[in-house]
Amino acid sequence: MNKVDIKIFKRKFNLPVSYECYDSEEIEEYQIKALEKFLENQKILENIPNDLINYLKNDNPSKFKEQKIDNIFKYIMPDKLYVGRNDKKRVVTLLCDYKFDLEHGIALRFENEKLVKIATQDIIF
């Protein structure tokens, strides 16, 4: 498993990368390109998306009584990047541990370097 250096919400990480493929399959060229394009466009991860803050507040309103979340890393911690097997669009999902749902965590799914969905990590399966 490869690791990549990436800056997420103004903090540096060295995250493992996994690719959607069975043991008998090869990693496809388009999957490698998807990761390369994602890493080239790290600016998409500079600021905490309002969608993520809203997701956290809606998921567990009693825990997020505060109006402003100053340190997102008190609640989520990036764990790995998962590169999907899709030859029509570039799919990379940032998987995070989530303080209030250790079993399912949180996934931020990017398609063609745009955030398209925030949900539990079940979205990748």
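In what follows, the structure referred to is the one given above.
Colleague: Requested: an account of the overall build of the protein, with residues and values cited.
Modeller: When helices and strands are counted, the protein shows two helices and six strands. For the protein, the N- to C-terminal ordering of α and β elements is β-β-α-α-β-β-β-β. Here the C-alpha atoms of the protein give a radius of gyration of 15 Å, agreeing with the 14 Å that 2.2 N^0.38 yields for 125 residues. Overall, the C-alpha framework of the protein stretches about 45 × 25 × 25 Å when taken along its three principal axes. Sorting the 125 residues of the protein into buried and exposed places 41% on the buried side.

Colleague: For the nonpolar core, give the residues involved together with the corresponding values.
Modeller: Within soluble globular proteins, side chains that are nonpolar tend to cluster in buried spots. Membership of the largest hydrophobic core comes to 31 residues, with the highest contact counts inside it found for L52, L56, I76, L81, L94 and L108. Among the secondary structure elements, those contributing two or more residues to this core are β1 (2-8), β2 (11-19), α1 (29-40), α2 (50-59), β3 (76-83), β4 (91-98) and β5 (106-111). What L52 contacts, discounting residues up to four positions off in sequence, is F9, I72, I76, I106, L108 and I118.

Colleague: Describe the pairing of β2, naming the residues involved and giving the relevant values.
Modeller: Inspection of the sheet shows β1 paired to β2 by seven bridges, in the antiparallel sense. Across the sheet, K3 pairs through a bridge with P16, a residue of β2. Connecting the antiparallel pair β1 and β2 is a turn made up of two residues, with F9 showing a positive phi of about 50 degrees. In terms of strand pairing, β2 meets β3 through three bridges, oriented parallel. By the bridge assignment for β3, S18 is matched with Y82.

Colleague: Hey, could you go over α1 for me, with residue numbers and the actual values?
Modeller: Taking 1.5 Å of rise per residue, twelve residues should cover 16 Å, and α1 covers 16 Å from first to last C-alpha, within 8% of that figure. The set of residues buried in α1 consists of Q31, A34, L35 and F38. Across the axial projection of α1, the buried residues extend over an arc of 95 degrees, all falling on one side. Close packing links the buried residues of α1 with β1, β2, β3, β4 and β5.

Colleague: Before we move on, can you summarise the packing of aromatic side chains with the specific residues and values?
Modeller: Counted by the stated rule, this structure contains five aromatic pairs. Summarising the aromatic geometry, the rings of F9 and F73 are spaced 6.4 Å apart at their centres and angled 40 degrees between planes, so their arrangement reads as tilted. You can see F9 sitting in the loop between β1 and β2 and its partner F73 sitting in the loop between α2 and β3, a full 64 residues away along the chain. Accessibility expressed as a relative area gives 13% for F73, which makes it buried.

Colleague: Kindly report on a positive patch on the surface, identifying the contributing residues and their values.
Modeller: On the surface, K63, K65, K74 and K99 cluster together into a patch of positive charge. Mapped onto the secondary structure, K99 falls in the loop between β4 and β5. The exposure class of K99 is partly exposed, given its relative accessible area of 49%.

Conventions adopted
Residues numbered from 1 in each chain as written. Predicted model: local features only at pLDDT ≥ 70, side-chain atom pairs only at ≥ 80, totals over all residues. Heavy atoms only, no water. Helix = DSSP H or I, 4+ residues; strand = E, 2+ residues; numbered from the N terminus. Rg over C-alpha atoms; globule rule 2.2 N^0.38 Å. Buried < 20%, exposed > 50% of the residue type's maximum accessible area, 1.4 Å probe, protein only. Core = buried A, V, L, I, M, F, W, Y, C linked by side-chain atoms within 4.5 Å. Contact = heavy atoms within 4.5 Å. Pairing = 2+ DSSP bridges. Expected span 1.5 Å × (residues − 1). Arc of directions from axis to C-beta. Phe/Tyr/Trp six-rings, centres within 6.5 Å; stacked < 30°, edge-to-face > 60°. Patch = residues over 30% accessible without salt bridge, like charges linked within 9 Å, V, L, I, M, F, W, Y side chains within 5 Å. Areas by Shrake-Rupley, 256 points an atom, 1.4 Å probe, with all protein chains shown as cover. Salt bridge = Lys/Arg side-chain N within 4 Å of Asp/Glu carboxyl O. Lys, Arg positive; Asp, Glu negative; His and termini not counted. Charge placed at Lys NZ, Arg CZ, Asp CG, Glu CD.

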